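Residue-level structural notes
What follows is each chain in one-letter form.
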2 protein chains.
Amino acid sequence: MAQKPSIPKGTRDFSPLEMTRRTYMLDTIKRAFRAYGYAPLETPAMENLSTLTGKYGEEGDKLLFKILNSGDFTRGFSDDDRRRIASAGEAADASVNGMAARICEKGLRYDLTVPLARYVVQHQAEIVFPFRRYQVQPVWRADRPQKGRYREFYQCDVDVIGTRSLLCECELVKIVERVFGDLGIAVTLKINNRKILFGIAETIGHADKMMDITVAIDKIDKIGLEKVEEELAAKGIDADAIARLRPILQLSGTNAEKLAVMRNLLAGSETGLLGIDETETILSLVETAGSHLDIELDLSLARGLNYYTGAIFEVKARDHAIGSICGGGRYDDLTGIFGTPGLSGVGISFGADRIYDVMLALNLFPEEANRTTQVLFANFGDAEARAALPLLQQLRDADIPSEIYPEAAKMKKQLDYANRRNIPYVVLIGENELASRSATVKDMRSGEQQTVPFDRLAEELTR
Amino acid sequence: MAQKPSIPKGTRDFSPLEMTRRTYMLDTIKRAFRAYGYAPLETPAMENLSTLTGKYGEEGDKLLFKILNSGDFTRGFSDDDRRRIASAGEAADASVNGMAARICEKGLRYDLTVPLARYVVQHQAEIVFPFRRYQVQPVWRADRPQKGRYREFYQCDVDVIGTRSLLCECELVKIVERVFGDLGIAVTLKINNRKILFGIAETIGHADKMMDITVAIDKIDKIGLEKVEEELAAKGIDADAIARLRPILQLSGTNAEKLAVMRNLLAGSETGLLGIDETETILSLVETAGSHLDIELDLSLARGLNYYTGAIFEVKARDHAIGSICGGGRYDDLTGIFGTPGLSGVGISFGADRIYDVMLALNLFPEEANRTTQVLFANFGDAEARAALPLLQQLRDADIPSEIYPEAAKMKKQLDYANRRNIPYVVLIGENELASRSATVKDMRSGEQQTVPFDRLAEELTR
């Protein structure tokens, strides 16, 4: 007896029901991307390991899934590797990574940003800039699996490369509004600007410590003002500077009020004022385009990745606490790592798994995303099934997902099948119906039945 | 200066234009699957290596991409492996596969059939049978890359598991007709039945050599009658049997005529007659459902995989020679390899890459699959761009893919961008247009321009 098969930890099968919901969600997101002129891109699951390593920090390198070279992979080992392996059990971390790189040329994509940068540099001669692209593909990370964290998960990225125009930031904000509006999720979009954060650091006399300050104030929601100030002190920020930072962290009022106060506070920082200008322009462009989105300037928003250089965004669901469900920002040097500097871009990423969880928790999937088949024809035997076939065909041709139960099983079994698959309508064509050329249509939710002549069946069921 | 980045051989980037076409093609295929009541399934890219090995023959095992274990992978090596590696350069094929399995627990999916079997066995308690599912995902094979053969490619499979009803075969034939009808590809569907092939082998006195006979006659289109007969002789089929096989290989006429002749020839084979019955039933069911598909009973059709047990199908494009673009059949024991015998199923697989090539060669992609953006608003500066934003918003809200050129660049550059991206309409709102609140709409294909008041622009461009 074979062992019951399983799948690798941290990976998932998506059942038909989950897939139908996920498809509804991802199609809604992609439709918005397309309406805004973004074009789809797909890159291979496997990249050369040299493309991936060194791009995600030392921790990231360890989390890359590496693909063993085909054929006799052992040929890759160096003499030193061979000695080390022969003497067993004492391989240090660093030597393991080196050895792995010698027997693995390829790795699985870790995110969609590095493949985008690689694609843009590799194809820069053919690409028409500004390049608006979206990409919805799985990525793989050898993270320790835990609740809500998987080793294979989808990213949905949308970016525009090759322009510094703030119309792009406006566009992305509008995409956020459209996507979450279409999905029925009430959200708040938090906006900030890395230039403002730099301006703050500069103003309090610690321009060199911008990243420390940024990382610390990013935690204000989680650990509170006091602990953030302790952390800042531990990073070597003096008490005077921390005192000057306090009113900024506790800023309140409308976005316009906050910006006015900040403009005064950052009067001595050219970069800081530029960040204020950018933020005002983005908010004003969004208003001009027309928007009902709840947008909040949040000076404690920093976002972890250190390649952002301008506006930064983060989206939270208002009715379900799950952390950020979408985020991104402006970066000024995406492709520098591959030898093409100076291409500015801005992008955001939608967190498919979290958005799915929010929709499930708030019951936001529409009825049609919770089933696949709309109409089941019951099967009473060969003659009856043959009478059903042309009728079934009319529904299928009209894109009403329909099927016939393939065998003349007991009616209880067939109706049970319809119930378990959440099929709303069952068409019964038995001996009597065959004689009268009228089908019995059973609504599985209400239990109601009605008689419909064959020649009006398609019309009735496509309404 | 960094080296220009590249991707692993045998893999591909799909550019926005290719993706737009592929999405059109795959969405058309998926829409047909859904109309016939099939539900989507996705399985992880990585399966446990134990799930994959031994399922594709010895050759197949070598073509599996294996994923190196995370952390200190060298711990997996046996003492024997360590000695072998230390003594360098003499690893035999068999020992390499064994060593690889000890340092790799996971491999990339090689097809969609084994993951389906694994899924069905693993989830049999929750699955509602008969289980109609479709799956469109990439697979990976470490084949030597060559023209038209890739190491990463999509498969589009549609299967129904858990019933022997021939209504399913009928359904799949109708799906073939629908898909290629929608895509505009004229096709011939070839149909045969493994039971007929067994009947033939039995009738000529070589029931034990059915696979040899099947493999040989599968080649009749490629190498001709004479060479097939040589091959049969080489396999130990006697001259008398080969002579009796000849009229079958040269059978002609309508499907009904062929079946009538075969019914006589196979009178002594119970299995053979069952195959004739099945084929007649399938053809008759398809006719009852209504069909204009060109279906040809082709007794030389055998298909390579030896797990087929009933009807087999193959689809060829009539106007472009490229080999089979779709194929499949009935199998009686898909899940036996995982310990659950007796589940019959039938399925077909659409060859995405070949179908794409046929469509490209025959120019079958509709105009809208050859571009992404429908309308570009030219950018004449801040005031003009701001006037454009609400108009742009109307189009985007109506799902007309639209964008604004993000910078007030020279008009030549902006129109060049529209041309290179194959955007059919450019909306010009300059100083004059702003004053008169009327836009100039330029049709980029004809070069014609017309003036449209702002409040009628959306209506005009969404027609």
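Residues numbered from 1 in each chain as written. Chains lettered and ligands numbered in written order. Predicted model: local features only at pLDDT ≥ 70, side-chain atom pairs only at ≥ 80, totals over all residues. Heavy atoms only, no water.

Identification of chain A as Histidine--tRNA ligase from Candidatus Tidjanibacter faecipullorum is taken from an unreviewed UniProt entry. Quoted verbatim from the Catalytic activity (unreviewed entry) heading of the UniProt record, the comment on chain A is "tRNA(His) + L-histidine + ATP = L-histidyl-tRNA(His) + AMP + diphosphate + H(+)". As stated in UniProt under Subcellular location (unreviewed entry), the record for chain A gives "Cytoplasm". (UniProt positions renumbered as here; feature names shortened; annotations may be inferred.)

**Focus: the overall build of chain A**
Scanning chain A from terminus to terminus reveals 18 helices and 16 strands. Relative to the compact-globule value of 23 Å for 463 residues, chain A shows a C-alpha radius of gyration of 29 Å, a clear excess of over 25%. Along the first, second and third principal axes, the C-alpha atoms of chain A reach 90 × 70 × 45 Å. Here chain A holds 463 residues, and 59% of them are scored as buried. The long-range fraction of contacts in chain A, counting pairs at least 24 apart against all pairs at least 6 apart in sequence, stands at 68%. Here chain A displays about 19,000 Å² of accessible surface, and carbon together with sulfur accounts for 47% of that area. Across chain A, the 59 positively charged side chains and the 67 negatively charged ones have centroids separated by 4 Å. (Helix = DSSP H or I, 4+ residues; strand = E, 2+ residues; numbered from the N terminus. Rg over C-alpha atoms; globule rule 2.2 N^0.38 Å. Buried < 20%, exposed > 50% of the residue type's maximum accessible area, 1.4 Å probe, protein only. Contact = heavy atoms within 4.5 Å. Areas by Shrake-Rupley, 256 points an atom, 1.4 Å probe, with all protein chains shown as cover. Lys, Arg positive; Asp, Glu negative; His and termini not counted. Charge placed at Lys NZ, Arg CZ, Asp CG, Glu CD.)

**Considering the packing of helix α15 (residues 382-397) of chain A against helix α13 (residues 270-289) of chain B**
Between α15 of chain A and α13 of chain B, whose axes approach to 8 Å, the crossing angle comes to 50°. Taken together, the axes of α15 of chain A and α13 of chain B lie oblique to each other. Across from R386, L389, P390 and Q393 of chain A in α15 of chain A, the residues of α13 of chain B making contact are T281, S284, L285, T288 and A289 of chain B. The residue makeup of the contact of α15 of chain A with α13 of chain B, split by class, is four nonpolar, four polar and one charged. (Axes fitted to C-alpha atoms, helices over the stretch in contact; angles between N-to-C directions. Parallel < 35°, antiparallel > 145°, perpendicular 65-115°, else oblique. Nonpolar A, V, L, I, M, F, W, Y, C, P; charged D, E, K, R; others polar.)

**Description of the pattern of salt bridges**
All names here are of chain A. Tallied over the entire structure, the rule returns 62 salt bridges over all chains. For R102, the salt bridge goes to D81, with nearest N and O atoms at 2.7 Å. With R102 in helix α5 (residues 93-103) and D81 in helix α4 (residues 79-86), this pair connects stretches of sequence that are 21 residues apart. Taking the relative accessible area as the measure of exposure, R102 reaches 36% and is therefore partly exposed. A relative accessible area of 1% places D81 in the buried class. (Salt bridge = Lys/Arg side-chain N within 4 Å of Asp/Glu carboxyl O.)

**With respect to the nonpolar core**
F180, F350 and F377 of chain A together with F180, F350 and F377 of chain B are the most contacted members of the largest nonpolar core, which totals 258 residues. Leaving out residues up to four positions away in the same chain, F377 of chain B has contacts with A388, L391, L392, L395, E403, I404, Y405, V427, I429 and L457 of chain B. Among the nonpolar cores identified, the runner-up in size contains 14 residues, and A45 and W140 of chain A together with A45 and A142 of chain B belong to it. (Core = buried A, V, L, I, M, F, W, Y, C linked by side-chain atoms within 4.5 Å.)

**A closer look at the confidence of the model for chain A**
Low pLDDT marks stretches whose predicted atomic positions should not be read closely. Model confidence for chain A is summarised by a mean pLDDT of 93, while 97% of its residues fall at 70 or above. Overall fold confidence (pTM) sits at 0.94, and the ipTM for the predicted complex is 0.93. (pLDDT = per-residue confidence, 0-100.)

**Here we look at the sheet that holds strand β16 (residues 449-453) of chain B**
Residue and element names in this part refer to chain B. With respect to topology, five strands assemble into an open sheet ordered β13-β12-β14-β15-β16, the strand pairing being mixed. Strand pairing shows two members of the sheet lacking a second neighbour, β13 (402-404) and β16, which therefore form its edges. The sheet shows a mean angle of 25° between the axes of neighbouring strands, direction not considered. In the sheet, strand β15 (residues 438-443) pairs with β16 via five bridges, with the strands oriented antiparallel. (Pairing = 2+ DSSP bridges.)

**Describing the packing of helix α9 (residues 210-218) of chain A against helix α10 (residues 220-234) of chain A**
Residue and element names in this part refer to chain A. One can describe the packing of α9 onto α10 by two numbers: an axis separation of 7 Å at closest approach and a directional angle of 140°. Classified by the interaxial angle, the pair formed by α9 and α10 is oblique. Across the interface between the two elements, D212, I213, A216, I217 and D218 from α9 touch I220, V228, E231 and L232 from α10.

**Thoughts on the packing of aromatic side chains**
In the structure shown here, the tally under the stated rule is 23 aromatic pairs over all chains. Relative to F131 of chain B, the ring of Y119 of chain B has its centre 6.2 Å away and its plane inclined at 25°; by these criteria the two rings are stacked. Within this pair, whereas Y119 of chain B is found in helix α6 (residues 113-122), its partner F131 of chain B is found in strand β5 (residues 131-140), the two being separated by twelve residues in sequence. There is no split in this pair, since Y119 of chain B and F131 of chain B are both buried. Taken together, the aromatic side chains of F33, Y134, F180 and F350 of chain A make up a single cluster linked through ring pairs. Against the face of Y150 of chain A rests R12 of chain A, its NZ or CZ located 3.4 Å from the ring centre. One cation-aromatic arrangement involves R22 of chain B over F14 of chain B; the distance from NZ or CZ to the ring centre is 4.0 Å. (Phe/Tyr/Trp six-rings, centres within 6.5 Å; stacked < 30°, edge-to-face > 60°. Lys NZ or Arg CZ within 6 Å of the ring centre and 35° of its normal.)

**Overview of the UniProt feature "binding site: L-histidine" (unreviewed entry) in chain A**
Residue and element names in this part refer to chain A. With numbering matched to this structure, UniProt assigns "binding site: L-histidine" (unreviewed entry) to D111, L112, T113, R141, Q155, D159, R303, Y307 and Y308. Along the chain, R141 falls in the loop between β5 (131-140) and β6 (152-161). Contact partners of R141, with chain neighbours within four places excluded, come to L63, F65, Y110, D111, Y150, R151, F153 and Q155. In this structure, D159 sits in strand β6.

**A look at the relation of the copies chain B and chain A**
The transform that puts chain B on chain A rotates by 180° and translates by 0.0 Å along the axis, for an RMSD of 0.1 Å. In short, the pair behaves as if placed about a two-fold rotation axis. Looking at the rotation axis and the C-alpha trace of chain B, the residue lying nearest is I67 of chain B, at 2.3 Å. Of all interface residues in chain B, 100% are interface residues in chain A too; the two copies therefore contact each other through one and the same surface. (Least-squares fit on C-alpha atoms with pLDDT ≥ 70 in both.)

**Focus: the interface of chain B and chain A**
How big an interface is tends to be expressed through the accessible area that disappears when the partners come together. Facing 111 residues of chain B, the contacting portion of chain A comprises 112 residues. Carbon and sulfur atoms make up 60% of the area that chain B and chain A hide from each other, which totals about 9,300 Å². Between E403 of chain B and R132 of chain A there is a salt bridge, and its shortest N-O distance comes to 2.4 Å. The interface formed by chain B and chain A holds 44 residue pairs in polar contact (both at pLDDT 80 or more) in total. By residue class, the composition of the side of chain B that touches chain A is 56 nonpolar, 27 polar and 28 charged. (Buried area = accessible area lost by both parts, 1.4 Å probe. Polar contact = N/O pair within 3.5 Å; in protein donor to acceptor, adjacent residues only side chain to side chain.)

**A word on the sheet that holds strand β11 (residues 345-351) of chain A**
All names here are of chain A. As summarised here, the arrangement of the eight strands in space is β1-β5-β6-β11-β10-β9-β7-β8, forming an open sheet in which the pairing is mixed. Every other strand in the sheet has two partners, leaving β1 (39-40) and β8 (294-297) as the edge strands with one partner each. Set on the sheet, helix α1 (residues 16-35) makes contact with β5, β6 and β11; between it and β5 the angle comes to about 160°. The strands touched by helix α6 (residues 113-122) are β5 and β6; relative to β5, the strand with the most contacts, the crossing angle is about 135°.

**Concerning unusual backbone geometry**
F129 of chain A connects to P130 of chain A through a cis peptide bond whose omega is -5°. Within the secondary structure layout, P130 of chain A lies in the loop between α6 and β5.

**Notes on the pairing of strand β9 (residues 308-317) of chain B**
All names here are of chain B. β9 sits mainly inside the fold: eight of its ten residues count as buried. For β9 and strand β10 (residues 324-331), the ladder comprises six bridges, and the chain directions are antiparallel. Opposite E314, over in β10, you have G327 as the bridge partner. Connecting the antiparallel pair β9 and β10 is a turn made up of six residues, with G323 showing a positive phi of about 85°.

**Notes on the state of the cysteines**
All told, the structure shown has zero disulfides over all chains when counted by the stated rule. With no disulfide partner, C168 of chain A has as its closest neighbouring cysteine sulfur the one in C170 of chain A, 9.3 Å distant. Looking at C156 of chain B, it has no disulfide partner, and the nearest cysteine sulfur is the one in C326 of chain B, 9.3 Å off. (Disulfide = S-S within 2.5 Å.)

**Overview of helix α8 (residues 194-203) of chain A**
Residue and element names in this part refer to chain A. Where burial is concerned, most of α8 is hidden: seven out of the ten residues are buried. Of the positions making up α8, those classed as buried are R194, K195, I196, L197, G199, I200 and A201. Buried residues belonging to α8 abut β7 (187-193), α9, α11 (239-249), α12 (255-265), α13 (270-289) and β9 (308-317). Looking at where α8 begins, the residue whose side-chain oxygen comes 2.8 Å from the main-chain nitrogen of K195 is N193. Just downstream of α8, G205 is the residue with a positive phi angle, here 85°.

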